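Each chain is listed here by its residues.
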Amino acid sequence: MMKLLLRHLLSTTLFIAGTVFAGGDYIRPPPRKTLSFPWDQKPSSQPQQVHISLAGDKHMRVTWVTNDGASPSIVEYGTSPEKYSATAQGESTKYSYLLYSSGKIHHTVIGPLQENTTYFYKCGGEGPEFQLKTPPSKFPVTFAVAGDLGQTGWTKSTLDHIDQCKYDVHLLPGDLSYADYLQHRWDTFGQLVQPLASSRPWMVTQGNHEKESIPFLKDGFVSYNSRWKMPFEESGSASNLYYSFDVAGVHFVMLGSYTPYDEYSDQYSWLKADLLKVDRRRTPWLVVLFHVPWYNSNRAHQGEGDDMMSSMEHLLYAAGVDIVFTGHVHAYERTKRVYNGKSDRCGAVHITIGDGGNREGLAHWYKQPPPEWSVFREASFGHGELKMVNSTHAYWSWHRNEDDESVQSDQVWLTSLIGSGCNTGGGSHDMRRILMAS
Ligand SMILES: [Fe+2]
């Protein structure tokens, strides 16, 4: 009885304060501490922080770090354990940041690779063997989605839950390590995500925590660009901060919320050109990721995405984008199809999923009443799973971290804009006219 009374009092207080705590009786746990990483003395030529990413058609980029500057950037790989039928030579880089000097960061592209196949590989001729699985080239295909990860107890919980799901590619809409100028935290983040990121491609875009610029001393994104090289050259972009790639029948566009996006910017021109190349017969789904949400009814980070939205939303609308994933706000929110600030059957579904588990904790406060376009919102840590079943249907689910259990809390069938009568013409005359006019 006392418990019921307390719960009633709590919910009344929260209602008056203007907060929405969706999820019924779920009592939200507090932030968890940043993980501590024991000193792990490995031979200096041993590969560390191994992760993989897609690098153009049938190719994968393997990235790792060694403390030994003489260690070669080679990857040996094949489809049987410890039998390597191919070797690829890559490149390396390093950077310094105030008193910190990075290890040797190796980037080596392997391929051509067969679809939906397990490969075994070794980096730099040393250390343990890793294995990866390439994505399928046809539907169905599944994506894990989690932004604003950090490296806390909650991050670990989220990663464990993602590890339990069968997925092909991880999508991360910004804010990776929360290193925040302390460069060794990039190394511990690499160590934390290695078990997952060495086995499935991680496709990331950058958030504010990747900037790490210091006026007159350091440009932005030095660590991020050195460590998380994405296929920008492969997609005709001049910057690692925006690029695109295809998986099965999905075209993904990754944008930068912190790089110029006005109509005279390189990013804007590249986006227009990239959208004009989309062929919806080949990639019926069109999905965009960036960090700062455009549709957000949480009180955190209100209006921060407005400028980018007013510059670029009409391009996404003209191209018939199906889904937009963002992060930044440490909570979950899903909208109806929207455009220009209101529901629109030809607009994109926007999903904010900045709830990976970072040390800053959750964003609890919501605007009241909810806007008409907001369908589901909740401040909990968790991750999402997007299963593209075929060219027209996808199943989206959001999984809340309920203590250390993963509980499916929001789910919906999404239908693509193909055949909807909306603009999905890719390079067609109609679409070209709209995009060229903008
Ligand atoms: Fe952020």
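Shown above is the structure to which this text applies.
Since the structure is predicted, the reported quantities are computational estimates derived from the model, not experimental observations.

1. Focus on the overall build of the chain
Summing up its helical and strand segments, the chain has seven helices and 24 strands in all. The buried share among the 438 residues of the chain stands at 46%. Considering only contacts in the chain between residues 6 or more positions apart, those separated by 24 or more positions represent 71%.

2. Describing helix H5 (residues 266–277)
With 12 residues, H5 should cover 16 Å at 1.5 Å per step; its first-to-last C-alpha distance of 17 Å lies within 8% of that length. Among the residues making up H5, those that are buried are Gln267, Trp270, Leu271 and Leu275. On an axial view of H5, the arc spanned by its buried residues comes to 130°, and they lie on one face. Exposed residues on H5 whose side chains face more than 90 degrees from its buried face are Ser269, Ala273 and Lys277.

3. Here's the deal with the sheet that holds strand E5 (residues 91–93)
Strands sit in the order E1-E2-E8-E5 across an open sheet of four strands; the sheet is antiparallel. Looking at the sheet topology across the chains shown, the edges are occupied by strand E1 (48–54) and E5. On average, each strand axis in the sheet is inclined to that of its neighbour by 20°, with strand direction left out of account. In this sheet, strand E8 (residues 104–110) lies alongside strand E2 (residues 60–66) in antiparallel orientation, the contact comprising seven bridges. Directly across from Thr66, in E8, lies its bridge partner Lys104. Taken strand by strand, helix H3 (residues 184–197) contacts E1 and E2, and its axis lies near 55° from that of E1.

4. Focus: the sheet that holds strand E3 (residues 74–78)
Sheet architecture is open: four strands sit in the order E4-E3-E9-E10, paired in antiparallel fashion. What marks the edges here is a single partner per strand, and that holds for strand E4 (86–89) and strand E10 (126–133). Strand-to-strand twist across the sheet, computed as the mean angle between neighbouring axes with direction ignored, equals 25°. Two strands pair when backbone bridges link them, and E3 and E4 are joined in this way by four bridges, in the antiparallel orientation.

5. Here's the deal with the nonpolar core
Ranked by internal contacts, the top residues of the largest apolar core, which has 99 residues, are Val62, Met203, Phe252, Met254 and Val288. With seven residues, helix H6 (residues 306–319) is the single largest residue contributor to this core. When residues of this core are sorted by domain, at least three fall in each of domain 1 (48–133) and domain 2 (141–437). Discounting chain neighbours no more than four positions away, the residues touching Met254 are Met203, Thr205, Met230, Tyr242, Tyr243, Ser244 and Leu289.

6. Some thoughts on the environment of Gln408
With respect to the helices and strands, Gln408 occurs in strand E24 (residues 405–415). On a C-alpha basis, the gap between Gln408 and His383 in space is 9.5 Å, while along the polypeptide they are 25 residues apart. Setting aside residues up to four positions removed in sequence, Gln408 forms contacts with Ser397 and His399.

7. A look at the pairing of E3
Covered by surrounding structure in E3 are Val75 and Tyr77 only, the residues Ile74, Glu76 and Gly78 on the alternate face being uncovered. Both E3 and strand E9 (residues 118–123) contribute to a ladder of four bridges, which runs antiparallel. The residue bridging Tyr77 from the neighbouring strand is Tyr121, located in E9.

8. Things to note about the environment of Thr392
Here Thr392 shows up in the loop between strand E22 (382–388) and strand E23 (393–402). Sequence separation of Thr392 and Ser416 is 24 residues, and the distance between their C-alpha atoms is 4.9 Å.

9. Some thoughts on unusual backbone geometry
Along the chain, Gly111 connects to Pro112 via a cis peptide bond; the corresponding omega equals 0°. Residue placement: Pro112 occurs in the loop between E8 and E9. In this structure, Pro369 follows Gln368 across a cis peptide bond, with omega equal to -5°. Along the chain, Pro369 falls in the loop between strand E20 (348–353) and strand E21 (374–378). Of note in the backbone geometry, Phe216 takes a positive phi value of approximately 70° without being a glycine. With respect to the helices, strands and loops of the structure, Phe216 is situated in the loop between strand E13 (202–205) and helix H4 (222–227). Using a count of 5 C-beta atoms within 10 Å as the deciding quantity, one classes Phe216 as exposed. For His301, which is not a glycine, the phi torsion comes out positive at approximately 60°. Its place among the elements puts His301 in the loop between strand E16 (285–289) and H6. Since 18 C-beta atoms lie within 10 Å of it, His301 is described here as partly exposed.

Reading the values: the criteria
Throughout, residues of each chain are indexed from 1 in the direction in which the sequence is written. For a predicted model such as this one, the threshold for reporting local features is a pLDDT of at least 70, and the threshold for listing and counting side-chain atom pairs is 80 or more; totals across whole chains, interfaces and linings nevertheless cover every residue. Numbering of helices and strands starts at the N terminus; helices are DSSP runs of H or I of at least 4 residues and strands are runs of E of at least 2. With C-beta atoms placed from the backbone, the exposure class of a residue follows from how many other C-beta atoms lie within 10 Å of its own: 20 or more, buried; 12 or fewer, exposed; in between, partly exposed. We call two residues in contact if the C-beta atoms placed from their backbones are at most 7 Å apart. Between the first and last residue of a helix there are one fewer steps than residues, each counted as 1.5 Å, and that sum is the expected span. To be clear, the arc concerns the directions from the helix axis to the C-beta atoms. DSSP calls a pair of strands paired once it identifies at least 2 bridges connecting them. The angle between two axes is taken between their N-to-C directions and runs from 0 to 180 degrees, where each axis is a line fitted to C-alpha atoms and a helix contributes only its stretch in contact. Each nonpolar core comprises buried Ala, Val, Leu, Ile, Met, Phe, Trp, Tyr and Cys residues, the members being joined through C-beta atoms within 7 Å. Domains are outlined according to an automatic or database domain assignment.

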